[in-house]
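The primary structure of each chain is shown beneath.
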Amino acid sequence: MRLPTMLLAATLMACTPPAPVAPLPPDEPTTPDPWPSLREGDLDRAAQAFRAWTQSPEERLLGTIGLLRIAMARQDDAEIAHLIAELPPDTPSAARLLVAAAAMDDAELDDRERAAIAGACDAPEPPSARAICAQIVLFRTRARLMRCTAACDATTRAPLQMAGPLPVVTLTLAGEPLPFVVDSGASISTLDPTLAARLGIEPIPGTDHPTASSGGVVQARYALATAHLGERAIADLRFALLPLPIQGLAGILSPQDAFPRHRVTLDLQHLELVVSPSLPTAPPDTLAFEPLYQARRPLLRVAVAGRPSRPLLLDSGADHTRLTRELEALGPPFTKGPKVGSRSVGGVTLLTSTEGELPAKAGDWSFLLRAPHLSTSAPAPPSGPTDIATFGILGLDALEGHALALDRPARRIDLTPTRRLPPWPTTPWRYESDDTPAVEERLLTQDAHQVELEATTAEGVTLRYHLHDDLEGRQTWLYTRPLLHPRRITPDGELPLTLSEALTLLGAPAPAIHLDRVLAVTKRADCLVTTRAATLDHLPARITTTHCDAGPPQTARLESAGRTWSYRRIPARPD
């Protein structure tokens, strides 16, 4: 059963929210308004109109601002530098805030850029610009952030482990290995402030700022620290100091922000985070997309259920895809289900579930969105200058089984279009619980969406069955046993069984469990222990699982109403 969306930091709004742009000139532009095109992510059409504006003295500044927005979205550092050089000395402070955001986008400032943003924060700035001004403070003592100081030309492969719906990687700070959620939907990495204090990582004075999240607005400060991913060392990695609602997690790693000068691959086919030198062209087994970023968060223009293409956030920190009411309004209404809760750094947001599958297409990538969630309210229509809008989130349910590569130096987003999950264990194992005899199981087949298993009970009964295969299903398999097409193997052939008959033979209770948020994460050697809230037969419950590989958990412990159930997956005894 699909759990309610937990958009931990994936729905974290950019820690560098868009700066306010200069007001529209009194005279209405004579060329088509490019702001709607920019908002929809149609950069070519918007750029054409903005270039026309730059030819008019009255509209030149606003046209340059629009082109700066597009250059940031395309991560075109050369164009950003060119546009900044074109700005007049008397550029208004509101526009200088955008210039500052553009100049800092590649995590370094040269003397010309420093001169261009001088005075941007001298006047009282609106709350939406305080994050930009806070980051300017970081650059007062350092010309460059996120500096690689070791293993810079090597390829670093770090294993990913799943903490419920969240991919977790180990990052070392102050000599201590710590678990971080890998969140491509976060514009900046975060670190728990209590942990930071214990490690001796101090906040930078003058960097207090409000940060928007899907649950509200929270206050944050910035800090700089040296971090290690395997042998790779990154000096002056910027963190927003924010508490997380999950005990034991150190914070959030924004891979595209932490490694801006390398190719970063979130490989959900092999469960690895790979940092490597940039590639001039996309590998032959991937699709290449032009970069589209909003505040360092990667977007992909997707056509959903026959609607026109709109930007969706590529968000590894979200367990489930979410669409906006605005996107829904571009076509027939979706079939609605009950409301579900979404947790983020700032709190809980209610979403509406949908039913069924929606066809989606981005370039040459065609895929299905299975029961995406829907925002409960429609956004207010924009007026005047705006930025690229996010019409939804492609969560882990859409990204799992694919490899997503963010290659800023090459100005490209690469994606493997074929879904391929990590392999199940190929050696037999034993499934057992406290109340039932052990059952020996082994893998027969695995494809993109299902696995087939064979089980032999203590009484010598042999069964075969299929399981729908996804990362979430693997984690719940040990205690839910969602069997498909169960049958008993007899000398005369296969005998179809009902689900109840198969579960009785397996001794598996398969309780009716509804999973909720992740409560705690603990790293033990090479294993990850995750505790989640749940409901069992409408009663509160807690489930603690131990994962040591890409297959189902090694152990699971379910507690509810004073009762405890324990399940184990252990290697089969040799013959």
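Structure's up top.
A few points on the structure. Since the structure is predicted, the reported quantities are computational estimates derived from the model, not experimental observations.

Analysis parameters
- Residues numbered from 1 in each chain as written.
- Predicted model: local features only at pLDDT ≥ 70, side-chain atom pairs only at ≥ 80, totals over all residues.
- Heavy atoms only, no water.
- Pairing = 2+ DSSP bridges.
- Helix = DSSP H or I, 4+ residues; strand = E, 2+ residues; numbered from the N terminus.
- Axes fitted to C-alpha atoms, helices over the stretch in contact; angles between N-to-C directions.
- 1 Å grid on protein atoms, 1.4 Å probe; cavity = no way out; pocket = protein on both sides within 12 Å on 5 of 7 lines; lining within 4 Å.
- Points joined across faces, edges and corners; volume = space filled by probe spheres on them.
- Nonpolar A, V, L, I, M, F, W, Y, C, P; charged D, E, K, R; others polar.
- Disulfide = S-S within 2.5 Å.
- Contact = heavy atoms within 4.5 Å.

## What to know about the sheet that holds strand β11 (residues 263–267)
So, point 1. Spatial ordering of the open sheet is given by β2-β12-β11-β24-β25-β13, a layout of 6 strands whose pairing is antiparallel. Pairing within the sheet leaves two strands with one partner each, and these edge strands are β2 (156–159) and β13 (287–289). Each strand axis lies, on average, 15° off the axis of its neighbour in the sheet, ignoring direction.
So, point 2. By the bridge criterion, 4 bridges tie strand β24 (residues 403–407) to strand β25 (residues 412–415) in an arrangement that is antiparallel.

## Regarding empty space enclosed by the protein
So, point 1. In total, this model carries 6 cavities of 30 Å³ or more according to the counting rule given.
So, point 2. What the second largest cavity holds in volume is close to 90 Å³.
So, point 3. In terms of lining residues, the second largest cavity is bounded by 16 residues, among which Gln-75, Gln-256, Asp-257, Pro-260 and Arg-408 are the most central.
So, point 4. Residue classes in the lining of the second largest cavity are distributed as 7 nonpolar, 3 polar and 6 charged.

## Let's talk about the pairing of strand β34 (residues 539–547)
So, point 1. Taken together, the 9 bridges between strand β33 (residues 527–536) and β34 define a ladder with antiparallel strand orientation. Of the residues in β34, the one forming a bridge with Thr-530 is Thr-545.
So, point 2. Hairpin connection of β33 to β34: 2 residues between the antiparallel strands, including Asp-537 at a positive phi of 50°.
So, point 3. Bridge count for β34 against strand β35 (residues 555–560) is 6 bridges, and the pairing is antiparallel. Residue Arg-542 lies in a different strand from β35, and its bridge partner there is Glu-559.

## Re the state of the cysteines
So, point 1. Here the structure, examined in full by the defined rule, presents 3 disulfides.
So, point 2. Cysteine pairing for the chain, with bonded cysteines counted in sequence order: 1-2, 3-4, 5-6.

## Digging into the sheet that holds β33
So, point 1. With respect to topology, 11 strands assemble into an open sheet ordered β31-β30-β29-β28-β27-β26-β36-β35-β34-β33-β32, the strand pairing being antiparallel. Looking at which strands have only one partner, the edges of the open sheet turn out to be β31 (493–496) and β32 (513–524). Each strand of the sheet is rotated relative to its neighbour by a mean of 25°, with strand direction disregarded.
So, point 2. Direction of pairing for strand β30 (residues 484–490) relative to β31: antiparallel, over a ladder of 4 bridges. Its bridge partner being in β31, Arg-487 is matched across the sheet by Pro-496.
So, point 3. Across the sheet, helix α13 (residues 499–506) lies against β26 (429–433), β27 (439–446), β28 (450–456), β29 (462–468) and β30, angled at about 120° from β29, the strand it touches most.

Such coordinate-based values are descriptive only and should not be taken to indicate function.
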